[in-house]
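Given next are the chains, with one letter for each unit.
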Amino acid sequence: MRLLNLGACVLALVVVACGGETVTVDPQEAGTLQMPLSSTAADGKVYRLVGATFNITGTQTVTVTDTAADTVQVTLQTGGYSIELASGWTMERADAPGTPVPATLLSPNPLPFFVKKGETTQVRFLFKLPGDGTADVGIHVDSGGWFAGTLQFDSLDGDYGPMNPYYELVGTSVPFVISFESFTVTRDSWDRMSHMETGPVTIQFGGAPSEQLQRVAANLKGKPFFFSLRAEPTGRLFFYGSSLYSPEGDLHLEILSSFESFPGVVDGDGYPVFEPFAFEAGARIRGSSSGVWALADVDVSP
């Protein structure tokens, strides 16, 4: 698509979006949303999201229905947006078109994102593929697990008032997911604890677009995640605090120890087994001088 700049005049670029809807975009203040819809797994299998409809709301409202191409691109005015994946999609393997693969949407839906002037923003929806791992739109397939739930932000930590970069989050409830491709498990015989260290993680936050949460997710992407489970004599489990840390961005995401024990699975030696479980705990996101506290309601699927 060719853009013309005639002297000091700013031309309005009229774009026919993928669903046939006509939207007006100022080329001087535009960016691009990009959504690759296929990916190759580690075993060489290619997966594709088929029949998807994306509803984009924010500075503009656009519906994307033509997702036949391998990559969808939409030109949008700069600003904050949310994108919703509507029902009716299927996941397929490229070598078996027309045959759906069972898949569960993992990401918060809708997902917030920001479009910046002259830049390309890529949005990814994560899915779980039973037996084959996870995929995202810009699809990537792996064999790991996830933490997913809701953060209810209730108070500031450190600097108080509007100067705290997390000020806008207080009083909001934000869905989140922490996805990882691999993990290692060690055991502590002294107190019957199982410890997990994940491989590199991907973090996504839902809710209203938040530049601060986008920064947190970007800085913590690719970092390992640590947490532990301890078994009681009754067989119930305790979750022991987990953390993600980015020294480059000076950012921590902590999910603290569970408030109460919860039902779980132990092996024949009495050690906790990393099967799906759910718990509630305190949580905190913090930098060097400011942060925010939250109540975390979490489901875990290792």
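Residues numbered from 1 in each chain as written. Predicted model: local features only at pLDDT ≥ 70, side-chain atom pairs only at ≥ 80, totals over all residues. Heavy atoms only, no water.

(A) Representation of the sheet that holds strand β8 (residues 71-77) within the structure. As summarised here, the arrangement of the three strands in space is β8-β3-β14, forming an open sheet in which the pairing is mixed. Each edge of the open sheet is held by one strand with a lone partner, namely β8 and β14 (120-122). Geometrically, the sheet is characterised by an average inter-axis angle of 25° between neighbouring strands, direction not taken into account. As judged from the seven bridges shared by strand β3 (residues 30-36) and β8, these two strands associate in the antiparallel manner. Paired with Thr 32 across the two strands is Thr 75, which belongs to β8. (Pairing = 2+ DSSP bridges. Helix = DSSP H or I, 4+ residues; strand = E, 2+ residues; numbered from the N terminus. Axes fitted to C-alpha atoms, helices over the stretch in contact; angles between N-to-C directions.)

(B) The arrangement of the confidence of the model for the chain in detail. Averaged over the chain, the pLDDT score is 81; the fraction of residues at 70 or greater is 84%. Element-level pLDDT for the chain is lowest in strand β1 (residues 13-16), with a mean of 28, against a maximum mean of 93 in strand β6 (residues 54-58). Predicted confidence is poor over residues 1-22, with pLDDT under 50, and the contacts of this stretch with residues over four places away or in other chains come to 41 contacts. When the criterion is pLDDT under 50, residues 132-143 qualifies, and its contacts beyond four places in sequence or with other chains add up to 54 contacts. (pLDDT = per-residue confidence, 0-100. Contact = heavy atoms within 4.5 Å.)

(C) Spotlight on the pattern of salt bridges. Scanning all chains against the criterion turns up seven salt bridges. As a salt-bridge pair, Glu 248 and Lys 223 come within 3.0 Å of each other at their nearest N and O atoms. You can see Glu 248 sitting in the loop between β23 (237-246) and β24 (251-258) and its partner Lys 223 sitting in the loop between α1 (211-220) and β22 (226-231), a full 25 residues away along the chain. Glu 248 sits in the exposed class, given a relative accessible area of 61%. For Lys 223, a relative accessible area of 16% gives the class buried. Its salt-bridge partner being Glu 254, residue Arg 286 comes within 3.2 Å of it at the nearest N-O pair. (Salt bridge = Lys/Arg side-chain N within 4 Å of Asp/Glu carboxyl O. Buried < 20%, exposed > 50% of the residue type's maximum accessible area, 1.4 Å probe, protein only.)

(D) How the structure looks around α1. Looking at α1, one finds that the buried residues are Gln 212, Leu 213, Val 216, Ala 217 and Leu 220. Each buried residue of α1 sits inside an arc of 140° when the element is viewed along its axis, so together they form one side. α1 presents Glu 211 and Ala 218 as exposed residues on the side facing more than 90 degrees away from its buried surface. For α1, the elements touching its buried residues are β18 (173-180), β21 (201-205), β23, β24 and β25 (277-286). One or two positions beyond α1, positive phi appears at Gly 222, with a value near 90°. (Arc of directions from axis to C-beta.)

(E) Layout of the packing of aromatic side chains. By the definition in use, this model includes 14 aromatic pairs. With a centroid separation of 4.2 Å and 20° between ring planes, the pair formed by Phe 239 and Phe 279 is classed as stacked. Highlighted residues: Phe 239 in strand β23 and Phe 279 in strand β25, separated in sequence by 40 residues. Owing to a relative accessible area of 0%, Phe 239 belongs among the buried residues under this scheme. What makes Phe 279 buried here is its relative accessible area of 5%. Residues Phe 277 and Phe 279 carry aromatic rings whose centres are separated by 6.0 Å and whose planes lie at 25° to one another, so their mutual orientation is stacked. Considered together, Phe 277 and Phe 279 belong to a single accessibility category, that of buried residues. Ring pairing ties together the aromatic residues Phe 147, Phe 225, Phe 227, Phe 239, Phe 262, Phe 274, Phe 277 and Phe 279, which thus form one cluster. (Phe/Tyr/Trp six-rings, centres within 6.5 Å; stacked < 30°, edge-to-face > 60°.)

(F) Representation of the sheet that holds strand β4 (residues 38-40) in the model. One open sheet accounts for four strands, arranged β4-β5-β10-β11; its pairing is antiparallel. Both outer strands of the open sheet, β4 and β11 (100-101), are each paired with one neighbouring strand and no more. In terms of strand pairing, strand β10 (residues 90-93) meets β11 through two bridges, oriented antiparallel. Bridging from a neighbouring strand, Glu 92 pairs with Pro 100 of β11.

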